[in-house]
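# Structure at a glance
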Amino acid sequence: MAVRIRENERVDELQRNGYRIIQDPDKFCFGMDAVLLTGFAHAKSGDRLLDLGTGTGIIPILMEAKYRCAHLTGMEIQADIADMAARSVELNGLSDKIDIIVGDLREADRFFQSASFDCITCNPPYMIGKHGIINPDAPRAIARHEILCTFADVAGQAAGLLKPGGHFFLVHRPFRLAEIITTLAGHKLEPKRMQLVYPYADREPNMVLLEAVRGGRSRMTVEKPLIIFQKPGVYTPEIREVYGY
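Residues numbered from 1 in each chain as written. Predicted model: local features only at pLDDT ≥ 70, side-chain atom pairs only at ≥ 80, totals over all residues. Heavy atoms only, no water.

### Some points on the pattern of salt bridges
One pass over the full model with this rule turns up 13 salt bridges. Salt-bridge contacts for Arg 6 lead to Asp 83; the nearest nitrogen and oxygen are separated by 3.2 Å. Within this pair, whereas Arg 6 is found in the segment before β1 (10-13), its partner Asp 83 is found in helix α3 (residues 79-91), the two being separated by 77 residues in sequence. What makes Asp 83 partly exposed here is its relative accessible area of 28%. The residue Arg 193 makes a salt bridge to Glu 211 at a minimum N-O spacing of 2.6 Å. Taken as a pair, Arg 193 in strand β8 (residues 189-198) and Glu 211 in strand β9 (residues 207-214) lie far apart in primary sequence, 18 residues in all. (Salt bridge = Lys/Arg side-chain N within 4 Å of Asp/Glu carboxyl O. Helix = DSSP H or I, 4+ residues; strand = E, 2+ residues; numbered from the N terminus. Buried < 20%, exposed > 50% of the residue type's maximum accessible area, 1.4 Å probe, protein only.)

### What about helix α2 (residues 58-67)?
For the α-helix, the turn length of 3.6 residues means that residues three or four positions removed from each other point alike. Buried residues dominate α2, accounting for nine of its 10 residues. Those residues of α2 not exposed but buried are Ile 58, Ile 59, Pro 60, Ile 61, Leu 62, Met 63, Glu 64, Ala 65 and Tyr 67. Looking at the residues trailing α2, positive phi occurs at Arg 68, about 55°.

### Brief notes about the side chain of Asp 24
Relative to the elements of secondary structure, Asp 24 occurs in the loop between β2 (20-23) and α1 (32-40). Despite its burial, Asp 24 pairs with no opposite charge, the nearest such side chain being Lys 27 at 4.4 Å. Looking at Asp 24, its side chain comes within polar contact range of the main-chain nitrogen of Asp 26, at 2.9 Å. The residues contacting Asp 24, other than those within four sequence positions of it, are Glu 7, Asn 8, Glu 9, Cys 29 and Met 84. (Lys, Arg positive; Asp, Glu negative; His and termini not counted. Polar contact = N/O pair within 3.5 Å; in protein donor to acceptor, adjacent residues only side chain to side chain. Contact = heavy atoms within 4.5 Å.)

### Remarks on the pairing of β1
Bridge count between β1 and β2: four bridges; the pairing is antiparallel. What sits directly across from Glu 13, in β2, is Arg 20. In sequence, β1 turns back onto β2 through a hairpin of six residues, with Gln 15 there showing a positive phi of about 60°. (Pairing = 2+ DSSP bridges.)

This is the structure in structure tokens:
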């Protein structure tokens, strides 16, 4: 399919269903956290899924490859990044399955009806203003720091747009775990499943994967840790098996 590839962009293989993705290294490329989130999340073939802050569209594309959801939507505030995501959708022949919407996730309830999604995913900005150095490059800064939205914004929109019993999947940083769980519970999104991700077995965790259910009962399963690397450059068998690397 003839899809325009702009200057500085590249097309990368996703190793799933022959799908590919357009990325611009000078703006923003997806990371391991997005891939891990799609491995942790689950959906049914009849589900409607929304990805808040979709970036390059990696999560809707991988979720479609894995679960064949009925329909998927990615919402992205940066028009140029959303355009890149939309072209990746077209490149993979998925325009009838995946929509890319340009909009502010804080106003997602103006774009979509309440309680209209079975699943919502999000790889939100991890850092608040005082955490670390803010990248001078705007797309990267918006992706990593809470410049345009807070986690409370994300949780509030997810709570309103999920059907009762719907599932919210996210990836975040462990140092904010207490705040995240408190915020989720405050929006009636009950944390039900958690997995800590370690770069190596002898290191501290650097990511946490969470599943919450709208209106769920209070009980959470903590899954066994996920280790990414056996040694530098060598993925563990679990990563190779589950994520196809």
